[in-house]
Amino acid sequence: VTIIIVPLNHYSSQKQEQLWEDIINLRDKRISDTIEAIQGIRLLKMFSWETLMMNKINKQRKEELYFIQYRSYLDGIISTFYRAVPILASLFTFI
């Protein structure tokens, strides 16, 4: 059981780190676009670009939420697995 856990732990931590970097990059892009929209609100209103900018920001937010949800599922699976490891180790020890 321990032999299986070490590589699995390494892989899962790399995957979590990659997902976290993706989330941070998406969040930075969305925030910078939001700041740009706020700073240029007069131009957006003048040329009626509000819906375009709003759709762009909402699309970025949905993508960000997808990665957050995926990472949460992964965290839940990993957490459940690590809580089950001591039980599995003791079971396989006595079998």
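Bear in mind the structure is a predicted one, so any value in this text is a computation, not a measurement.

Digging into the overall build of the chain
Then, in step 1: In terms of regular secondary structure, the chain is built from three helices and zero strands.
Then, in step 2: Helices (α) and strands (β) of the chain occur, in sequence order from the N terminus, as α-α-α.
Then, in step 3: Taking 12 Å as the expected radius of gyration for a compact globule of 95 residues, we find that the chain reaches 21 Å, considerably beyond that expectation.
Then, in step 4: Counting only C-alpha atoms, the chain reaches 75 × 15 × 15 Å along its principal axes.
Then, in step 5: Split into buried and exposed, the 95 residues of the chain put 19% on the buried side.

What about the packing of aromatic side chains?
In this description, an aromatic ring pair is defined by two values, namely the gap between the centres and the angle between the planes.
Then, in step 1: All told, the structure shown has four aromatic pairs when counted by the stated rule.
Then, in step 2: Look at Phe47 and Trp49: their rings are 4.9 Å apart centre to centre, the planes differ by 25 degrees, and that puts the pair in the stacked class.
Then, in step 3: Ring centres of Tyr66 and Tyr70 lie 6.4 Å apart, and the angle between their planes is 10 degrees; this geometry places the pair in the stacked category. Residue Tyr66 and its partner Tyr70 are located together in helix H3 (residues 50–94), separated by four residues, close to a single helical turn.
Then, in step 4: On the basis of relative accessibility, which here comes to 51%, the residue Tyr66 falls in the exposed class.
Then, in step 5: Three or more aromatic residues joined by ring pairs form one cluster here, namely Tyr66, Phe67 and Tyr70.

Description of helix H1 (residues 2–39)
Then, in step 1: Taking 1.5 Å of rise per residue, 38 residues should cover 56 Å, and H1 covers 55 Å from first to last C-alpha, within 8% of that figure.
Then, in step 2: Residues of H1 that are buried sit in contact with helix H2 (41–46) and H3.

Describing the nonpolar core
Then, in step 1: The biggest cluster of nonpolar side chains holds six residues, and these are Leu19, Ile23, Leu26, Phe67, Leu74 and Ile78.
Then, in step 2: Looking at this core, the elements with two or more residues in it are H1 and H3.

A word on the pattern of salt bridges
Then, in step 1: Evaluated as defined, the whole model comprises seven salt bridges.
Then, in step 2: Across the salt bridge formed by Glu64 and Arg61, the nearest N and O atoms sit 3.3 Å from each other. Of the two residues, Glu64 and Arg61 both sit in helix H3, three residues apart, roughly one turn of that helix.
Then, in step 3: The class of Glu64 is buried, set by a relative accessible area of 0%.
Then, in step 4: A relative accessible area of 31% places Arg61 in the partly exposed class.
Then, in step 5: Between Arg71 and Asp75 there is a salt bridge; the shortest N-O distance is 3.7 Å.

Rules behind the numbers
Residues numbered from 1 in each chain as written. Predicted model: local features only at pLDDT ≥ 70, side-chain atom pairs only at ≥ 80, totals over all residues. Heavy atoms only, no water. Helix = DSSP H or I, 4+ residues; strand = E, 2+ residues; numbered from the N terminus. Rg over C-alpha atoms; globule rule 2.2 N^0.38 Å. Buried < 20%, exposed > 50% of the residue type's maximum accessible area, 1.4 Å probe, protein only. Phe/Tyr/Trp six-rings, centres within 6.5 Å; stacked < 30°, edge-to-face > 60°. Expected span 1.5 Å × (residues − 1). Contact = heavy atoms within 4.5 Å. Core = buried A, V, L, I, M, F, W, Y, C linked by side-chain atoms within 4.5 Å. Salt bridge = Lys/Arg side-chain N within 4 Å of Asp/Glu carboxyl O.

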